[in-house]
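Structural features, examined
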Amino acid sequence: MKTIGRTIVLLACLSAGCFAQWEVGVSGGYSSPSSVPATSGAASATTGFAPAAVFSIYLGQDVTRYIGGELRYSYILGDARIQSAGTTATFGAISHEVHYDVTVHTSNKNRVQLFAAAGAGIRLFIGNGQEEAYQPLMQFAYLTKTRAVKPMGSVGGGLKFRLAKAVSFRVEVRDYISPFPTEVITPAMGATFGKSLMHDLVPMAGLAFRL
Amino acid sequence: MQLHGYAAAVTGFLLLIASPAPLPAAGFGTVIPVGGQASDIALDNSRGVVYAANFTANAIDVISLSDQSIHSSLNVAAQPAALALSMDAHYLLVAHYGNWTAQPNQQNLVTLIDLTTGGIQSFPTADSPLGAAFLATGKALVVTQTTFQIFDPATGAFQILNTLSGLSSVPLPNPAATYPQQFTETALAASADGYVVWGVGKAGTGAQVVFRYDAAHNLLATLPALSTPPLLARVSVNADGSQAMIGFALFGSNFTRGVVLAQYPDPVASLNITGSAIDGVNNIVYAQVPDAAHPTAGPPFSGSNVPVLSIMSASNLTVNQQLIMPEDIVGRAVLSADGQTLYAVSESGLMVLPVGQLNPYPRVAAGQEDVFLQSTPCSKGVLTQSISIFDPGNNHTDFTVSTTQAGVTLTPSSGTTPAIVQISVDPAAFQGQIGTTAISIAIASKTAVNIPPTVRLLVNNPAASQHGAIVDIPGRLSDVLADPVRNLIYVLRQDKNQLLVYNAANSALAATLPTGSTPAGMNFAADGQHLLVAHDNSQNISVFDMNALQPSATIALPFGFYARSVAASNAQTIAVARNGSAASASGGSSAWIGAEGGPSQVAVLDLAQNTASVPLALGVWTNSVTEHAALAAAPNGASVVLADANGTVMVYSAQANTWVAARHDFTALSGAIAASSYGSYIAGNNVLDGSAVPVGTLDASVGAAAGFAFLNQGGLLIAGSSASGAGAMENLPSVPSAAVKPTQLVEAPVQPGASSAFTRAVSPLSSGTSIVAHTISGITVIAWNYDAPVTPPSISSVVSVADGSQNLAAGGIVNIYGSQLSPSSVSAGWAPLPTTLAQSCVVVNGAPIPLFYVSGPEIAAQLPNNVSGNVSMSVLTPGGQSATYYLNVLGTAPSIFMTGTAGPLTGLAAVVRWNNGQLVTPTNPIHPTDYLEIYLAGMGATTPAVAAGMPGPSNPLAMVQTAPLVTLGGASLPVLYAGMAPGEVGVYQVDVYVPGGMPQGLQIPLQISQGGSTTTVNERVVN
């Protein structure tokens, strides 16, 4: 009940803008999504998205000296792909993520802050490659020009180092957890995928500006 | 330097004259008379005018491109002979030819006109200037009777580049009917980038000079040349100066060898008629070159004496189209910057030819080059076939068709395009002719601006006992060769400059590769990978990598050599090349450019360096043969035999690496030529031993030997006694041997002609499955066991070719399976489809049906449009008639073709997304807003009706009479078109739009229903 009460107070304060410690930030990183095993008869492959760059912006607010929240948007460039026996099939793809995380950190009066974050949001997967009648390894999966929206969980943590009164350097690692987008990477007829969840571990670094 | 004045002063010299109306066009284009004789033109795109040098009126006429009339005329000094416009259109340079015999009238000078200010300056030259061309440097190359000079328009200074005497010495005055460029005998032109100038001097008289100036490196190269007929002073250059059309010949920039890349075949001499322009962007040469078919003796024009503009490939001068012009081109031709309009000096002045906008002009063309009709047990009565007559620009153009051959009826014999003309042949008129009769069908039009092609009608009337499957190949074929390793057949087509590659398994055309001009003979290099092709009108040898089916670098022949025959041994690769008489006449220093035959020599090819050399001697004998000599290499590469029409036979030994035998035991030779791996040779009907000593003769009772192929110690002889008779083949167990019983072939082999004394009319396939003969209609494929007894055919099943189902509809395409259905595997070459292939035919309810393909176990054919219910089918071959097979035929039975391929995927439904032009598959799924093309068979009658065997028309389209319903996952799709696929036989096309809201999934049924029949395929649909 205590937690629920604090959360209500936090959200109420956010909506009312009752605290003054707002900040915006930009960061870049590298997406390392987990792959999913695929089998077709006796043959096997892995499929998923290629590691790629991530660009992110966020709006954050310290609700208290130790608790805050962030609304974050990330853009991830990761082609869809299938790999088997030295052969790789790729297909252009991108992702958009929007999520809100609650952060718990050391005192925001300190020059260096450690923080942990957890939250939820959505991830939009877009297959935007050039479709071809024949795609290598299509016995495992079809890489598809379409889009899929999936719920997403976010956990992670990092460190903020104040460079100046209103500028901080920030490094962090996030794990974005979402259902695998089988609309974009569709199991081929007669093929099966071994997992239904996808983890995307993203180390990032950036700058935060206090408003 | 004399200052003549500036803009205001010039105004007084500008004579505004009444623009004469363009002459009414007798053909294609417009003539603008200049009231004198034009000697040169320059196109000023920036001002929208053409400057015409009026040689006899001493003026520069300024002709507006907008209204095609003379707007003004600028008086200049006497005899303006040549023009050059600077690249920035600032200056117009005029060369005045003043080579008067009476010195007081001497006026050798150039006039520089500043087009921005109107200023005119004159600069005297020591002797008569003959031509000029501006360079990228802003300076001009000026050629006089004795010098090449660089002229700087900014300073008026001349700088002598080189001297060369006697580029022209024709004096003024001269008798009437001497044209301007007969005086100057010189022309030059710059590349579009201004860095290269090509030219020719002394054109029209004996020894000529071809020259090329490289402005970037200030290098002038000259090439003495002798030409038969003479090259006229007409020069056009491609964009980068790497090629130039001079007279009738296309030159490359290598002045050391292989300089003539191609030349117009069979040009005839003319005093002043010739002109050309190169469109480098579209790889086209526009040219008028008088030839034997259109000698163009000048006006009045009638009969074949008409001015003809040939539209040719800039690669090898293949003539693709010929248009009739109002009058002859007698000077420079230039193409507008957009390539749409050709301006040329013509008899009356300037001729404007809208070469880039041909569609509005009436033209007539035929849908087929050949029509092949064969009497068979299926067609004992009148033989019929249709040809389409059309206008490439979709105009309604009048035409007539005619033939002088008795027994051939053309219906209708006249009309308006588009039209279908039925050719009917009464076999009774061809009684006794058991081979093929070639008949010309002439197409004419009163209004068409093109020269319509002639259609070749081939009537083959064999008995059932004659063997071979004829593959009709249009055009003039010069050589046929079966690949010694690959299952391919090669055919040289001279009139289109093509190497045709056929798949020996089904005799279908597999590839078409361009050669040089007039390919004459071919053979493999010793590596067995590269095919060498000799040309009668190119000074090089084409090389093709037959593993890749791609051309390789050509072999450049020495000056003046045109190879006709080539053969490779284990040591040397040899060619026989004609070389005219230039080598002796000029001490071997001139490039001979000959349109005709002449003395020949043997050249040795260097395949590593892509060059060739001419040895002084062939062993202990002189290197001199006639143009009708030919070569044949032994299959093991040990030797090469040379047979000459004058009766000489020579033998080259690879082991000795020299010519080891030369004899003259005959007064003349022609026909077959062959070499064995065992030291025997064939020349004509004669068998020779390894020393070229005659040791026997071939059986002459079957006619002259047209071809011989050694097989081990024996060989195959093909012979014929008349072109329209049967061919004969003998399989000799040894050579020489007693005559064996000949087997009659369906038609005669080709016979030696005026351009080729020796023929290779037979070539066994490496697979040992069949033998290819070069015969009257093209090639004839003869089964290896052609003389074995044959058995009647048998039908086991008939299914739709689209999906293998037994849903058969009138007009549908079917596969007939069985045994002994045909003695050979042959595909129909083009539509309309024949009803006989390889002496096999199929009758449905007693009438023959069109055939796509025949082979022993399978026939693909099209059902007639007018049958339904329970119908009978039989196959007839030389072996007899099959038992009657019954099949149920519906009015409509749509079947989607399941014949698509993508990568390794086969059997895909023929459903194509317009979005990317690829078949729908799970990785190329259907999306909302897609347009789909679905290809089917069996959709029944159309409006207008299309006869079986004929392709679907494009204008108007043939729409199905029973509209189909198309659904995707149960939801209706709007049908945009349902009818025959244009250009395809028996293939229908349904175009649909996919709206939003369609069901999604991996297996969504796409269903087409028509007239109670339904066909379904499952496709993936994704939003």
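Within each chain, residues carry numbers counting from 1 in the order of the written sequence. Just so you know, chain letters begin at A and ligand numbers begin at 1, following the order they were written in. At least 70 in pLDDT is required for a residue's local features to be given in this predicted model, at least 80 for side-chain atom pairs to be given and counted, and no such filter applies to totals for whole chains, interfaces and linings, which use all residues. Hydrogens are left out, water is left out, and the side-chain values use all remaining heavy atoms of the structure.

1. Describing the overall build of chain A
Helix and strand definitions follow DSSP, with helices as H or I runs of at least four residues and strands as E runs of at least two, each counted in order from the N terminus. Secondary structure summary: chain A contains one helix and 15 strands in total. With the principal axes as the frame, chain A shows a C-alpha extent of 60 × 40 × 25 Å. Exposure is judged per residue with a 1.4 Å probe applied to protein chains only, and the accessible area is read against the type maximum: over 50% gives exposed, under 20% gives buried, and values in between give partly exposed. Burial status across chain A gives 45% buried among its 211 residues. Two residues qualify as a contact provided that any one of their heavy atoms is within 4.5 Å of a heavy atom in the partner residue. Sequence separation of 24 or more characterises 71% of the internal contacts of chain A that already satisfy a separation of 6 or more. Computed with the Shrake-Rupley method and a 1.4 Å probe, the accessible areas treat only the protein chains shown as cover for residues. Carbon and sulfur atoms make up 67% of the accessible area of chain A, which totals about 9,600 Å². Within this scheme the basic residues Lys and Arg register as positive and the acidic residues Asp and Glu register as negative, but His and the chain ends are omitted. Where a charge lies is defined by one atom per residue type: Lys uses NZ, Arg uses CZ, Asp uses CG and Glu uses CD. Between the averaged position of the 18 positive side-chain charges in chain A and that of its 12 negative side-chain charges there is a distance of 12 Å.

2. Some points on the overall build of chain B
The number of helices and strands found in chain B is three helices and 95 strands. The globule rule is 2.2 Å times the number of residues to the power 0.38, and the radius of gyration it is compared with is taken over C-alpha atoms. Relative to its length of 1023 residues, chain B is compact, with a C-alpha radius of gyration of 33 Å against a globular reference of 31 Å. Taken over the C-alpha atoms alone, chain B extends approximately 100 × 80 × 55 Å along its principal axes. Within chain B, the fraction of its 1023 residues that count as buried is 58%. Taking the contacts inside chain B whose residues are at least 6 apart along the sequence as the reference set, 54% of them involve residues at least 24 apart. Here chain B has roughly 36,000 Å² of accessible surface; of this, 53% comes from carbon and sulfur atoms.

3. Here's the deal with the interface of chain A and chain B
The partner chain B presents 19 residues to the 14 residues of chain A that form the contact. Reported buried area values correspond to the accessible surface (1.4 Å probe) lost by two parts on association, with both partners' losses combined. Surface buried jointly by chain A and chain B totals about 1,300 Å² across both partners, of which 58% is contributed by carbon and sulfur atoms. When a carboxyl oxygen of Asp or Glu lies within 4 Å of a side-chain nitrogen of Lys or Arg, that pair is called a salt bridge. Linking chain A with chain B are one salt bridge. For E131 of chain A, the salt bridge is made with R913 of chain B, and the minimal N-O distance between the two is 2.6 Å. Here a polar contact is taken to be a pair of N or O atoms separated by no more than 3.5 Å, where protein atoms must pair a possible hydrogen donor with a possible acceptor and residues adjacent in sequence count only if both atoms sit in side chains. Taken together, the connections running from chain A to chain B amount to 11 residue pairs in polar contact (both at pLDDT 80 or more).

4. Thoughts on the packing of aromatic side chains
The criterion for an aromatic pair is that two Phe, Tyr or Trp rings (for Trp, the six-membered ring) have centres within 6.5 Å, with stacked assigned to planes under 30 degrees apart, edge-to-face to planes over 60 apart and tilted to the rest. What the rule picks out here adds up to 16 aromatic pairs over all chains. Geometrically, the ring pair formed by W198 of chain B and F251 of chain B is tilted, given 6.4 Å between the ring centres and 55 degrees between the ring planes. Taken together, the residues span a long stretch of sequence, with W198 of chain B in strand β16 (residues 196-201) and F251 of chain B in strand β21 (residues 249-252) at a distance of 53 residues. In this structure, W198 of chain B and F251 of chain B share a single accessibility class: buried. Clustering of aromatic rings is evident, with ring pairs tying together F49, F125, F180 and F193 of chain A. Think of it as a cone above the ring: NZ of Lys or CZ of Arg counts as a charge over the ring if it is within 6 Å of the ring centre and within 35 degrees of the ring normal. Sitting above the plane of the Y58 of chain A ring, R170 of chain A keeps its charged end 4.3 Å from the centroid.

5. Details of the layout of surface pockets
All names here are of chain B. The space that makes up the second largest pocket amounts to roughly 1,000 Å³. For the second largest pocket, the lining is made up of 39 residues, of which A190, S191, A192, V334 and L335 are closest to its centre. Mapped by element, the contributors of at least two residues to the lining of the second largest pocket are β3 (38-44), β7 (80-85), β11 (129-134), β15 (187-190), β19 (235-237), β23 (275-279) and β27 (329-335). Each residue receives one of three labels: charged for Asp, Glu, Lys and Arg, nonpolar for Ala, Val, Leu, Ile, Met, Phe, Trp, Tyr, Cys and Pro, and polar for the others, Gly being one of them. Here the residues of the lining of the second largest pocket are counted per class, giving 25 nonpolar, 10 polar and four charged. The pocket and cavity definitions rest on a 1 Å grid over protein atoms only: a 1.4 Å probe that fits but cannot leave marks a cavity, an open set with protein on both sides within 12 Å along at least five of seven lines marks a pocket, and residues lining either have an atom within 4 Å of a point. Grid points are joined across faces, edges and corners, and a volume is the space filled by probe spheres set on the points.

6. Notes on the confidence of the model for chain B
All names here are of chain B. Residues at a pLDDT of 70 or more form 95% of chain B, whose mean pLDDT is 91. With pLDDT under 50 throughout, residues 1-26 is counted as low confidence; its partners more than four residues away or in other chains account for 44 contacts. Predicted complex, confidence summary: ipTM 0.88, pTM 0.79. Looking at any residue, its pLDDT shows the predictor's confidence there, from 0 to 100.

7. Overview of the confidence of the model for chain A
On average, residues of chain A score 90 in pLDDT, and 91% of them reach the 70 mark or higher. Per-element mean pLDDT across chain A ranges from 49 in helix α1 (residues 2-16) of chain A up to 97 in strand β10 (residues 141-143) of chain A.

8. As for unusual backbone geometry
All names here are of chain B. The amide bond that connects T411 to the next residue, P412, takes the cis arrangement and shows omega of -10 degrees. The amide bond that connects V735 to the next residue, P736, takes the cis arrangement and shows omega of -5 degrees. Following the sequence through the fold, P736 ends up in the loop between β65 (727-732) and β66 (743-745). For A692, which is not a glycine, the phi torsion comes out positive at approximately 65 degrees. Position of A692 relative to the elements: it lies in the loop between β61 (686-688) and β62 (694-697). Its relative accessible area of 1% is what places A692 among the buried residues.

9. Details of the sheet that holds strand β15 (residues 197-210) of chain A
Residues and elements named next belong to chain A. At least two DSSP bridges between two strands are required for those strands to pair. Spatial strand order, β1-β4-β5-β8-β9-β11-β12-β15: eight strands in a closed barrel with antiparallel pairing. Within the sheet, the average angular offset between the axes of one strand and its neighbour, ignoring direction, is 25 degrees. As judged from the 13 bridges shared by strand β12 (residues 167-179) and β15, these two strands associate in the antiparallel manner. In the sheet register, V167 faces β15, and the bridge partner there is F209. In this analysis, axes come from line fits to C-alpha atoms, helices being fitted only over the stretch in contact, and the angle between any two N-to-C directions falls in the range 0 to 180 degrees.

10. Some words on the pairing of strand β14 (residues 157-163) of chain B
Residues and elements named next belong to chain B. By the bridge criterion, six bridges tie strand β13 (residues 147-152) to β14 in an arrangement that is antiparallel. From the neighbouring strand, F151 faces β14, where its bridge partner is F158. Between the end of β13 and the start of β14, which pair antiparallel, lie four residues, with G156 showing a positive phi angle near 80 degrees.

11. Focus on the environment of S796 of chain B
All names here are of chain B. The topology assignment puts S796 in strand β71 (residues 794-800). The class for S796 is exposed, based on a relative accessible area of 51%. Between the alpha carbons of S796 and E858 there is a distance of 9.9 Å; along the sequence they are 62 residues apart. Discounting chain neighbours no more than four positions away, the residues touching S796 are Y817, G818 and Y885.

12. Focus on the nonpolar core
Core analysis: the largest hydrophobic core is formed by 43 residues, its most contacted members being I489, V491, V798, I816, I859, M873 and L887 of chain B. The contact partners of V491 of chain B, leaving out residues within four places of it in the chain, are I473, L477, D479, V480, Q498, L499, L500, Y502, M522 and I779 of chain B. Buried residues of nine kinds, namely Ala, Val, Leu, Ile, Met, Phe, Trp, Tyr and Cys, make up a nonpolar core once their side-chain atoms join them within 4.5 Å.

13. What to know about the pairing of strand β77 (residues 851-854) of chain B
Residues and elements named next belong to chain B. Relative to β77, strand β74 (residues 826-827) runs antiparallel, the two sharing two bridges. Counted as the bridge partner of V826 is V854 from β77. Two elements, β77 and strand β78 (residues 858-862), share three bridges in a ladder whose sense is antiparallel. Considered in β78, the bridge of V854 is made with I859. Hairpin connection between β77 and β78: a loop of three residues separates the two successive antiparallel strands.

14. Observations concerning the pattern of salt bridges
Residues and elements named next belong to chain A. Applying the stated criterion across every chain, the model contains 26 salt bridges over all chains. The partner of D101 in a salt bridge is R174, and the shortest N-O contact between them spans 2.3 Å. Here D101 is found in strand β8 (residues 93-105), whereas its partner R174 is found in strand β12, with 73 residues between them in sequence. Accessibility assignment for this pair places D101 and R174 in one class, buried. Two residues, D200 and R123, come together in a salt bridge whose shortest N-O distance is 3.1 Å. Here the residue D200 occupies a position in strand β15, and R123 occupies one in strand β9 (residues 112-127), the gap between them amounting to 77 residues.

15. Section: the sheet that holds strand β57 (residues 649-653) of chain B
Residue and element names in this part refer to chain B. Strand order in the open sheet formed by four strands is β55-β56-β57-β58, with antiparallel pairing between adjacent strands. Edge positions in the open sheet fall to β55 (630-633) and β58 (658-663), since each of these has one partner strand only. Within this sheet the neighbouring strands show an average axis-to-axis angle of 20 degrees, counted without direction. As judged from the four bridges shared by β55 and strand β56 (residues 639-643), these two strands associate in the antiparallel manner. From the neighbouring strand, A632 faces β56, where its bridge partner is V641.

16. Quick word on the environment of N503 of chain B
Residues and elements named next belong to chain B. With respect to the helices and strands, the residue N503 is situated in strand β42 (residues 498-503). Sequence separation of N503 and R486 is 17 residues, and the distance between their C-alpha atoms is 9.3 Å. Excluding anything up to four places from it in sequence, N503 contacts N487, L488, A508 and A510.

17. A closer look at the side chain of T573 of chain B
Residues and elements named next belong to chain B. Inspection of the secondary structure assignment puts T573 in strand β49 (residues 573-578). A residue is classified by how much of its surface remains accessible, and T573, at 6% relative accessible area, is buried. Residues in contact with T573, not counting those within four places in the same chain, are L532, V566, A567, A568, A603, V604, L605 and L607.

18. Here we look at the side chain of R1020 of chain B
As for its placement among the helices and strands, R1020 of chain B is situated in strand β95 (residues 1013-1021). Although buried, R1020 of chain B forms no salt bridge, and the nearest oppositely charged side chain, E131 of chain A, lies 6.8 Å from it. Engagement of the side chain of R1020 of chain B in a polar contact is seen with the side chain of T144 of chain A, the distance being 2.8 Å.

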